[in-house]
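Residue strings, one per chain:
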Amino acid sequence: MPLFPRVESWVQGKRAGWHDRGAVPTLLVFWSIRQNDLIPIHEWLAALAKKYEDVGLEIVAIASQESGREVPKYLETHPFLGSVAIDSHARSIYGDTHTDYGVEKFGMPRVVLLDVDHRVVWGGDPGFKSGQKWQAGQESYVETPLEELVAKRKIREVAKWTKEWQAKGCRRSARGFSPRRSRRCRERGRSRRRGTRS
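Residues numbered from 1 in each chain as written. Predicted model: local features only at pLDDT ≥ 70, side-chain atom pairs only at ≥ 80, totals over all residues. Heavy atoms only, no water.

Thoughts on helix 6 (residues 143–152)
Reasoning step 1: Residues Glu143, Pro145, Leu146, Leu149 and Val150 constitute the buried set of helix 6.
Reasoning step 2: At the C-terminal side of helix 6, Lys154 shows a positive phi close to 55 degrees. (Buried < 20%, exposed > 50% of the residue type's maximum accessible area, 1.4 Å probe, protein only. Helix = DSSP H or I, 4+ residues; strand = E, 2+ residues; numbered from the N terminus.)

Set out below in structure tokens:
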């Protein structure tokens, strides 16, 4: 399992570890403000998150240390979906997580696709050119391995089954279980209606 990012602070969507969102595919994104001004990825990431919303794709975007304090203000005009953090800088001017993943050797943006077991499936440059704004429908190098992962692990089918189970099966089976299990099932249903995860 890859190292979980060591960050200075979470700007949005604080995370505690790879497992805190469950068994879902995750896209780890390394970026900086300077890079995003040259090779904008925030709109592509929003479209990707929407396209793969049914499989629970999580995006964890780690801003380089050089972007630091400017990130919260920058996100007001360049929104990133998912979790966004500023990298820690105990060992590197780019950021410790950037160094752990060798980003300074390859440049930004850099993305790492993790499967539902939080193992690396693919990593690299998303394939966009400097100075060219992403266009709706334009694919990156990420879509092919992501589609292959979704098909191979039957993530859409499992997500659909899970949703149906939480809507119907959980209530039905809770009748035959202890009050504690029944309460957990009700809590999951309430959190789903509120739009939170349990």
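Remarks on the packing of aromatic side chains
Reasoning step 1: As enumerated under the stated definition, the model contains seven aromatic pairs in all.
Reasoning step 2: With a centroid separation of 5.2 Å and 45 degrees between ring planes, the pair formed by Phe30 and Tyr101 is classed as tilted. A residue pair is termed long-range when its members are at least 10 positions apart, and Phe30 in strand 2 (residues 26–31) and Tyr101 in the loop between helix 4 (96–100) and helix 5 (103–106) qualify at 71 residues.
Reasoning step 3: Residue classification places Tyr101 among the buried positions, given a relative accessible area of 18%.
Reasoning step 4: What links up through ring pairs into an aromatic cluster is the set Phe4, Trp10 and Trp18.
Reasoning step 5: Taking NZ or CZ as reference, Arg110 lies 4.0 Å from the ring centre of Phe106, over its face. (Phe/Tyr/Trp six-rings, centres within 6.5 Å; stacked < 30°, edge-to-face > 60°. Lys NZ or Arg CZ within 6 Å of the ring centre and 35° of its normal.)

A word on the sheet that holds strand 1 (residues 7–12)
Reasoning step 1: The strand order 1-4-3-2-5-6 describes an open sheet built from six strands, whose pairing is mixed. Edge positions in the open sheet fall to strand 1 and strand 6 (120–124), since each of these has one partner strand only. Across the sheet, the axes of successive neighbouring strands diverge by a mean angle of 20 degrees, strand direction being ignored.
Reasoning step 2: As paired elements, strand 3 (residues 58–63) and strand 4 (residues 83–87) share four bridges and run parallel to each other. For Ala63, the partnering residue across the bridge sits in strand 4 and is Ile86.
Reasoning step 3: Each of strand 2, strand 3 and strand 5 (110–114) touches helix 2 (residues 42–51); the most contacted strand, strand 2, lies at about 175 degrees to it.
Reasoning step 4: Contacts between helix 6 and the sheet are confined to strand 5 and strand 6, with strand 5 contributing the most and set at about 10 degrees to the helix. (Pairing = 2+ DSSP bridges. Axes fitted to C-alpha atoms, helices over the stretch in contact; angles between N-to-C directions. Contact = heavy atoms within 4.5 Å.)

Thoughts on unusual backbone geometry
Reasoning step 1: Here the residue pair Met108 and Pro109 is connected by a cis peptide bond, since its omega of 0 degrees sits within 30 degrees of zero.
Reasoning step 2: With respect to the helices, strands and loops of the structure, Pro109 is situated in the loop between helix 5 and strand 5.
Reasoning step 3: Here His118, not a glycine, exhibits a phi torsion of approximately 65 degrees, which is positive.
Reasoning step 4: Tracing the chain through its elements places His118 in the loop between strand 5 and strand 6.
Reasoning step 5: Backbone geometry at Lys154 places phi at a positive 55 degrees, although glycine is not the residue there.
Reasoning step 6: Mapped onto the secondary structure, Lys154 falls in the loop between helix 6 and helix 7 (155–174).

Brief notes about the environment of Tyr101
Reasoning step 1: C-alpha of Tyr101 to C-alpha of Leu3: the two residues are 98 residues apart in sequence and 8.7 Å apart in space.
Reasoning step 2: Each residue touching Tyr101, except ones within four places of it in the same chain, is listed here: Pro2, Leu3, Trp18, Leu28, Phe30 and Val112.

Let's talk about the pattern of salt bridges
Reasoning step 1: Per the stated rule, a full pass over the model turns up 13 salt bridges.
Reasoning step 2: With a shortest N-O distance of 3.9 Å, Arg15 and Glu58 are connected by a salt bridge. With Arg15 in the loop between strand 1 and strand 2 and Glu58 in strand 3, this pair connects stretches of sequence that are 43 residues apart.
Reasoning step 3: The buried category is assigned to Arg15, whose relative accessible area is 3%.
Reasoning step 4: Residues participating in the shared-partner salt-bridge network are Arg15, Asp20, Arg21 and Glu58. (Salt bridge = Lys/Arg side-chain N within 4 Å of Asp/Glu carboxyl O.)

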